Amino acid sequence: MNRGSRLLESSDQKIELARLNLRAGEKAILSSAFHSASKYLQKGLSLLAIDSWETHYTLTLQLYDAISEALFVTGDFVKLSDLIEEPLRHARCFEDKLNIYNNYVRSLIASGNYEECLDMCISILLQLGEIIPTEVTEDIYANEVAEVKKSLEGKNREDLLCLPTMLDASKLAAMQFLNHALTLSFVFKPILNPIVVFRMVEISIQHGVCNLSAFAFACYGGWLVSFPTYDFDGGYTMGLVANDLMKMLNATEIIPRLYSMVYGFINIWKEPFQACLGKHVEAADVGESTGDMEFSTTNLMLYVNMAIYGCGIDLRNLEKDIQVYMRRAIRCNQIMLIKNMSILYQLTLDLMGFNHNAFSLYHPGMSEETCFADAHQHNHIAICRLICVKRKYVAFWMGSMDTAAKMCKLHKKYCNASSGRLVSIINSSFVDGMIALYFARKHGDDEEEWTALGESTIQTWSRWAECSSWNFVNKLNLLEAEYAFLKKEDGTAIAKYDASIKAARDHKFNHEEGLAEEKAATYLLHMSRHNEALAHFKNAKKCYEKWGAAALVERVETAISVLSPLCVCP
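This report concerns the structure included in the present document. Note that the structure is predicted; figures quoted are calculated from it, not measured. (Residues numbered from 1 in each chain as written. Predicted model: local features only at pLDDT ≥ 70, side-chain atom pairs only at ≥ 80, totals over all residues. Heavy atoms only, no water.)

### Some thoughts on the overall build of the chain
So, step 1. Helix and strand counts for the chain stand at 29 helices and zero strands.
So, step 2. Rg of the C-alpha trace for the chain: 27 Å, near the compact-globule value of 25 Å for 570 residues, within the 12% margin.
So, step 3. Expressed as lengths along the three principal axes of its C-alpha atoms, the size of the chain is roughly 100 × 55 × 40 Å.
So, step 4. The buried share of the chain, taken over its 570 residues, is 58%.
So, step 5. Residue pairs in contact within the chain that sit at least 24 positions apart in sequence constitute 68% of those at least 6 positions apart.
So, step 6. For the chain, the accessible area works out to roughly 23,500 Å², and carbon and sulfur atoms hold 52% of it.
So, step 7. Each charge class in the chain can be summarised by its mean position, and for the 56 positive and 68 negative side chains these summaries are 5 Å apart. (Helix = DSSP H or I, 4+ residues; strand = E, 2+ residues; numbered from the N terminus. Rg over C-alpha atoms; globule rule 2.2 N^0.38 Å. Buried < 20%, exposed > 50% of the residue type's maximum accessible area, 1.4 Å probe, protein only. Contact = heavy atoms within 4.5 Å. Areas by Shrake-Rupley, 256 points an atom, 1.4 Å probe, with all protein chains shown as cover. Lys, Arg positive; Asp, Glu negative; His and termini not counted. Charge placed at Lys NZ, Arg CZ, Asp CG, Glu CD.)

Below you can see the structure in the form of structure tokens.
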């Protein structure tokens, strides 16, 4: 029928065909056929008369609402931006503009236009009766914390699951734009992120729950497990509430958002890192089928982040996976997540010993340096933080300790005040402690400062290891071994190195088993115990070979070649 549409002369016939295209487009969206949906809906719009906003208002609005969804999912943000002016000008009330605003905001987030987007969200929320502070002082923050705790006071897991269903249309809309503000504040304005979480929780308690309430409770759990609260039990309980609420509401479309927080930020404090990996892949697939491309690609990024920093997955396999994941992100034009993935891809290539520019897969003119400069200029704190952590990690593992120390200090400029910590940020704390204890042993003018950082890191990791021995005890043991090295406590140092090696091996952290072997070798070399040192260096090489980290293998081989002539044959 569309092929013969040019032969239609009657306006009634054109309107009827526009309705058929709307129906076909909506069915295509439900079937995740978003490109087909876009074609149907664009055809439907082309059949409308100039005065359709007056003569067929509902049909016209429905077509614009549906095509804005399809254009977002397919990543055609230019066309979406050109299209929104029409419905925003002709919509009869603010409520009729909300769906267009919703998809436009999603496209701005994907494009990295955070400042404009956050301002838009705050303005829309104001019209919906939610006043969000543009600046967060200590007093405002303390008051917001007090308010959310008051709203939760006396409510247990069962009470939260028995809350009524949210029916107020303005509150449902507010939850949607607060949901967008969560992403924006996490990346662009971290200090605002917990405030947004608190508001979503308070609205859910006062006005009933909706699908996004599950995500709100999960984000509150993410805040609980973060500094300075470190309420791991409370956060884990909120994660369980969030999962139970999602199932109770049959809100499977919220899985990508929910799993990103529950398995990316909360359960890592209680369950093995490896147990969380598969959940991110599952969530990414759900997001792709439902059109939540932002959190589909977010879960792919979280998978890679945890696979490298947390689990030590074979880099040779991971490198192939990352290329696939990046192409999925590129296909739906998720620009900021592409940059995140590029940073992780560059880390993988660096460890594998490849002198390639990972950013060229997306943008030929971009590099890690230009990405950092651009992020710094536009105050994209999360990108700056991820690059600093990556550079510090590579420098530390490659033994470039001066560079590692420089990155350790630079990283502090990009503090994480948002709700939740990635595995990379958690692991970064461990690396800070290792760097600190290394430089403390140099007995320079800053020895006291480095020693204090090392001691505070051990204290923090002792607490974390009590919460999840599986994920953290091997790193705690290694920190304690390095501290004993500093304090010249030979017996303790050897015991702690051995304990770290065993824990890493038992818990399948092959990369960190190699690190513990290498650090033990360094200590034994310092003690002139050459044969034992050589054995540990060889073990480290085997671990790094298994990890696929050819750059580290090459470095350890150099140490082995230098040390071998000094050893006494048995």
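There is more to say, and it comes next.
### Some details on the pattern of salt bridges
So, step 1. Here the structure, examined in full by the defined rule, presents 32 salt bridges.
So, step 2. In this structure, aspartate 292 engages arginine 257 in a salt bridge whose closest nitrogen and oxygen atoms are separated by 3.1 Å. Of this pair, aspartate 292 sits in the loop between helix H16 (273–290) and helix H17 (293–311) while arginine 257 sits in helix H15 (residues 255–266), and the two are 35 residues apart along the sequence. No difference in accessibility class separates aspartate 292 from arginine 257, as the two residues are buried.
So, step 3. Here aspartate 314 makes a salt bridge to arginine 316, at a shortest N to O gap of 3.0 Å.
So, step 4. Aspartate 314 gets classed as partly exposed once you look at its relative accessible area, which sits at 22%.
So, step 5. Taking the relative accessible area as the measure of exposure, arginine 316 reaches 37% and is therefore partly exposed.
So, step 6. Taken together, the shared-partner salt bridges connect Asp350, Glu368, Glu369, Lys390 and Arg391 into one network. (Salt bridge = Lys/Arg side-chain N within 4 Å of Asp/Glu carboxyl O.)

### Brief notes about the nonpolar core
One recurring pattern in soluble globular proteins is that nonpolar side chains are buried together.
So, step 1. Residues Phe217, Tyr220 and Ile435 are the most contacted members of the largest nonpolar core, which totals 219 residues.
So, step 2. Beyond its immediate sequence surroundings of up to four residues, tyrosine 220 is in contact with Val148, Lys149, Leu152, Val197, Phe198, Val201 and Met238. (Core = buried A, V, L, I, M, F, W, Y, C linked by side-chain atoms within 4.5 Å.)

### As for the packing of H17 against helix H23 (residues 423–440)
So, step 1. Running from amino to carboxyl end, H17 crosses H23 at an angle of 20°, the nearest separation of the two axes being 8 Å. By the criterion of interaxial angle, the relationship of H17 to H23 is roughly parallel. Seen from above, H17 lies across H23 with left-handed handedness. Contact with H17, carried on its side by Asn305, Met306, Tyr309 and Gly310, involves Val423, Ser424 and Asn427 of H23 and no other residues of that element.
So, step 2. When its residues are assigned to classes, the contact of H17 with H23 shows three nonpolar, four polar and no charged. (Axes fitted to C-alpha atoms, helices over the stretch in contact; angles between N-to-C directions. Parallel < 35°, antiparallel > 145°, perpendicular 65-115°, else oblique. Left-handed = near helix turned anticlockwise from the far one by under 90°. Nonpolar A, V, L, I, M, F, W, Y, C, P; charged D, E, K, R; others polar.)

### Looking at the side chain of glutamate 294
So, step 1. Positionally, glutamate 294 belongs in helix H17.
So, step 2. Residues in contact with glutamate 294, not counting those within four places in the same chain, are Ile109, Thr183, Arg257, Gln334 and Leu337.

### A few points about helix H1 (residues 11–30)
So, step 1. Taking 1.5 Å per residue as the helical rise, H1 with its 20 residues ought to reach 28 Å, and the 29 Å between its terminal C-alpha atoms agrees with that figure.
So, step 2. Among all positions in H1, only Ile15, Leu17, Ala18, Asn21, Leu22, Gly25, Ala28 and Ile29 are buried. Seen end-on, H1 carries its buried residues on one side only, within an arc spanning 160°. Exposed residues pointing more than 90 degrees away from the buried face of H1 are listed as Asp12, Lys27 and Leu30.
So, step 3. Where the residues of H1 are buried, they touch helix H2 (34–46) and helix H4 (57–73).
So, step 4. Serine 32 lies just past H1 and shows a positive phi near 65°. (Expected span 1.5 Å × (residues − 1). Arc of directions from axis to C-beta.)

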